[in-house]
Each structure stands twice: as C-alpha cells, then as structure tokens.
Amino acid sequence: MPAWLTRLELETRPVHPETRAALGRRWAELPEAVRTPAQVLGRHGVGCEGTHGVFPRCNLACTPCYHSRDANQVAVDGDHTTREVASQMSLLRKLRGPRAHAQLIGGEVTLLPPDDHAHALQLMRDHGRQAMSMTHGDVDYAYLQALAVGPDGRRRFDRLSFAGHFDMLMFGRRGIRRPTDEASLQAYRRRFVDLFVRLQREHGVRFFLAHNMTVTPRNLGQLADVVRATHDMGFGLFSFQPAAFVGDERRWHEAFDDTTGDEVWAEVEKGVGTRLPFRALQIGDERCNRTTYGFYVGSRYFPVLDDEDPADLRLRDAFLDRMGGISFSGTPLGPLAVKVVRVLVRHPGVGCLLVDGAARMGRRVGWRNLLRHKVRPVTFVMHSFMDAADVGPAWEALQRGEECAEPRLAQTQQRLRACSYAMAHPESGELVPACVQHGVLDPVENVELRRMLPLTPVGRASRRPVDGLVQGV
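Computed from a predicted structure; not experimentally measured. (Residues numbered from 1 in each chain as written. Predicted model: local features only at pLDDT ≥ 70, side-chain atom pairs only at ≥ 80, totals over all residues. Heavy atoms only, no water.)

1. Some details on the overall build of the protein
Alright, step 1. Across its full length, the protein holds 15 helices and 13 strands.
Alright, step 2. In terms of its C-alpha atoms, the protein occupies a principal-axis envelope of roughly 65 × 55 × 55 Å.
Alright, step 3. The proportion of buried residues among the 473 residues of the protein is 53%.
Alright, step 4. Within the protein, contacts between residues at least 6 apart in sequence are counted, and of these 76% link residues at least 24 apart.
Alright, step 5. Here the protein displays about 21,600 Å² of accessible surface, and carbon together with sulfur accounts for 55% of that area.
Alright, step 6. The centroid of the 62 positive side-chain charges in the protein is displaced by 6 Å from the centroid of its 56 negative side-chain charges. (Helix = DSSP H or I, 4+ residues; strand = E, 2+ residues; numbered from the N terminus. Buried < 20%, exposed > 50% of the residue type's maximum accessible area, 1.4 Å probe, protein only. Contact = heavy atoms within 4.5 Å. Areas by Shrake-Rupley, 256 points an atom, 1.4 Å probe, with all protein chains shown as cover. Lys, Arg positive; Asp, Glu negative; His and termini not counted. Charge placed at Lys NZ, Arg CZ, Asp CG, Glu CD.)

Put into structure tokens, the structure is as follows:
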C-alpha cells in the first residue's frame, strides 16, 4: 500500500500495535487474583504515570504528606525539570505504549516558571502522554495565563488539565494559613475553578479539573459536606486519599490507620446521595483503588455501570473485549469515530448492547430530566497508599525474587504487583509503583538532589492576600 494509506490505516486502527503489546505485558504482570472480568489494567489501559525528582520542593506544609525530610531543601530548576521529564517520558513511551495519562507531579508545580512548566507539559504530550499538573491550588491568574499563552500572545495549549489539592490538613495557604475545617476552604475551591473559567473565556483554553483530598480521622466526618457543596463547581473528578505513614515522620500526628477505606467511601456516598458501585470496573487492586464513573443530572448522580445489574455487566464485558485499548480521551474526534465504526462493523452485537445500555440509562434518569438539565460527567475515586514500613521490606524481597510469608507483607507484595500508578527510572530501565517511589526511593533521591540543586538562601518572601480572601472566609 502507499505509505500514506498505511499511516491512515494505523491511525484509525482501533488499538495501536504498540498499545496492544503494552497491554499484553501489563496483563501478564498482574497477580492472578486481580485478573477478573472487571479488571481494566491490561485490557483497556496500562495505568497512570507520574514524574519524580523533577521539582520536589513545596511552599505549603501538609500533615500528612508523602514528601521526604529533604524535599524542601532542593532548589527548583527548570532545566533539570525538563531534562528529567523528557528522560522519564521516553522510557514510559517505550514500555507502556503511545498513549497514557501522566501526572506532572513532585512538589508544587507552580513553583516552576511558567515557560518551564509549559515546556514540561509539551514534552509529555510529545511522548503521547495526557498530562495533568498537580498543584495545591494557591495560584494566581497571571501565572495560568503565562502558562497557557506564550510571550508572542499565541495560545500554547487548547486544553489544560490540573488537579487542585484542598483540605484542612494543609498549612500556609494565602489568606487562610491554618484552616479550622473543610467548610472554610470552599471559597478557595471556588476561586481555583474560577481562574480556569476566566482563562477559557479570555483565551479559549478549555480545562479539566480534579479535586484531591487527603483523609484522616480529623476530616473524615466532613467529606459528605464537601461533596455536597463542591460537586457542581466545575470539577470533573474527586479523589480521596486515606493517609498513610509515608514521607516525613515528623508530620505523623494522627492515628491514620483508624480510618478505613470503607469509612471514607461511605462518607463520599453520603455526600453524593447514592450508592457508588466500584466493582463494575477494577483498576489494579481493590485494596488500592475504587472508581465510579457517572454523571450528575441536576442534583442527582447516576453511575454509568451498576455492579449489581447483570445487563450492565454484560455491557462492560463486551466493551472491554471489543473496545478495550481504544484511547477515547486522547484521540481526535475524526480518527476516534473511525476506530469505533471499525469495531462496530466487525462486531455489530456491541452496538446493540450500547444502544440497549443507553436506553436503560435514559429510563433510569428520566427522559424529561435529560431534556431539562445539563449532564455533568463526574468521576469519584479513592486511592489508598501503603505505609513505608510495609512497602520497604516487601519491595526489597520482590527485587530479590522472594515471596514474603508474613501476611501483611505478602498482601503488600500483591498490591505492588497490581499497582496502577507507575514512575519511570531511565537509569535502570525500570518502572516502580508510586508507593515504592515515595516510601523507599524518594528519601534517597532527595538527598542527592539536595547536593545537585542546593537551595540558595534568600530573604523570606512576603505572602500576599489572595483576591480579597481572608482567614475565616
């Protein structure tokens, strides 16, 4: 075939050959116990990715935090960041295929100069990564504008993805240095979203926003109120992370183990006002991740799949079997439509199930409600990280090819093998789970980074009020 026709066929093939190979490798790596009909890893995606050691410093203090003791003694250096991002993304592209979700994460991303931040995002996109910047949300509009619009006045990005972390366990936010409760942060959550609304209005830059929270016994009982008050602000994803004993031990001020995943999820369900079925789709190990995809119609939330409905499970099975591996969020509309049509032509039964599923969903929601209200897709997730004291010996044993006999360490090894969140180490050609990175490797890396990028002493910068917000708002 002519070269252009070969390229067209490859671009519209439902699953890229490299993606198919990466999915096969991921499935083979999973423990037998998680190779269930609901498992997404190895069938639809390879998992999420994150950077490490690219800008470890942060200008807020959080209890708890995965930062190691030396993280805030490392200077932010744009050249180092972009060099490391390029190297790490290259390995991820090689091992995990041409498409994946990746987080630009480390310390506080907005400590990077806007040009360096933009360069890092573009490098991630050049490697086929759908990049999301992770921030504490204490950022000004001028920074976002400089990130999105270059010095020449031209728009750098059509769309930006950011995750803002807001909870009462964070200290040092401008205008509210020590929040007394979660409700006192509502104005700051709103302001964060409004910055991106303004960016879209003035420069046409679309956005996707996630809302992250760390959960401890101190704020567990406030989660439902946060969800009720925040669900319609403009966040497309809400992520809750029960705290673990990882990072700087000087910040371990609570009995984190007193908060269970079931308790956290129950509070989120209370705020949503309905059950959040998380067993229809499993991402890695259930002890690590729970996910519910769905949407709001008015004030009511409707999960896309009900794990207790046989018809929904048949639809799920058909989707993963026939459409698993198609990148729906990272593919232009034209090629994506052709990919879907190619699947439906070969497997028309899938189309019938999709139509039936849409009809059933319409009946659940009510056709009149769909006509009266805007549909707002929102995903709820929970990520449960593990204590460093367990991850260390479990990982070391895995590196030696040994299986731990002690039950708690054996479970830790199972969860590490099924991890859905990887970080790349180009020097060894290895991908490691995030719990290993934060609990085992970060402390060593940050000691070396502190030598490479010493923090230059400067005078204390003044902290400005944030657009009129003050303590107690």
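The structure having been displayed, the exposition proceeds.
2. Focus: the pattern of salt bridges
Alright, step 1. Summed over the entire model, instances satisfying the criterion amount to 37 salt bridges.
Alright, step 2. Residue E29 pairs with R26 through a salt bridge whose shortest N-O separation is 3.1 Å. In this pair, E29 and R26 are both assigned in helix 2 (residues 17–29), 3 residues apart and thus about one turn of the helix distant.
Alright, step 3. The exposure class assigned to E29 is partly exposed, which follows from its relative accessible area of 48%.
Alright, step 4. For R26, a relative accessible area of 9% corresponds to the buried category.
Alright, step 5. Linking D158 and R155 is a salt bridge whose minimum nitrogen-to-oxygen distance equals 3.0 Å.
Alright, step 6. A relative accessible area of 43% places R155 in the partly exposed class.
Alright, step 7. What emerges from the salt-bridge pattern is a single network uniting D309, D312, D356, R360 and R364. (Salt bridge = Lys/Arg side-chain N within 4 Å of Asp/Glu carboxyl O.)

3. Quick look at the packing of aromatic side chains
Alright, step 1. Summed over all chains, the structure comprises 14 aromatic pairs.
Alright, step 2. Residues Y301 and F380 carry aromatic rings whose centres are separated by 5.2 Å and whose planes lie at 80 degrees to one another, so their mutual orientation is edge-to-face. In this pair, Y301 sits in strand 10 (residues 300–303) while F380 sits in strand 11 (residues 375–383), placing the two residues 79 residues apart along the sequence. The two residues Y301 and F380 agree in class, both being buried.
Alright, step 3. A network of ring pairs unites the aromatic residues F162, F166, F192, F196, F207, F235, F238, Y296, Y301 and F380 as a single cluster.
Alright, step 4. Directly above the ring of F171 sits R178, whose terminal nitrogen or CZ lies 4.1 Å from the centroid.
Alright, step 5. Over the face of the ring belonging to Y141 we find R198, whose NZ or CZ atom lies 3.7 Å from the ring centre. (Phe/Tyr/Trp six-rings, centres within 6.5 Å; stacked < 30°, edge-to-face > 60°. Lys NZ or Arg CZ within 6 Å of the ring centre and 35° of its normal.)

4. Here's the deal with helix 14 (residues 407–417)
Alright, step 1. Restricting attention to buried positions, one finds in helix 14 the residues L409, A410, T412, Q413, R415 and L416.
Alright, step 2. Those residues of helix 14 that are buried lie in contact with helix 13 (388–399), strand 13 (430–433) and helix 15 (434–452).
Alright, step 3. For helix 14, the side-chain oxygen to backbone nitrogen distance between the N-cap and R408 is 3.0 Å, and the N-cap itself is E406. (Polar contact = N/O pair within 3.5 Å; in protein donor to acceptor, adjacent residues only side chain to side chain.)

5. Points about the pairing of strand 7 (residues 206–215)
Alright, step 1. With 7 of 10 residues buried, strand 7 is to be regarded as a mostly interior element.
Alright, step 2. Two elements, strand 5 (residues 159–165) and strand 7, share 7 bridges in a ladder whose sense is parallel. When the bridges of strand 7 are listed, G164 appears paired with H211.
Alright, step 3. Alignment of strand 7 against strand 8 (residues 237–242), held across 6 bridges, turns out to be parallel. Each residue of the ladder has a partner; that of T214, found in strand 8, is Q241. (Pairing = 2+ DSSP bridges.)

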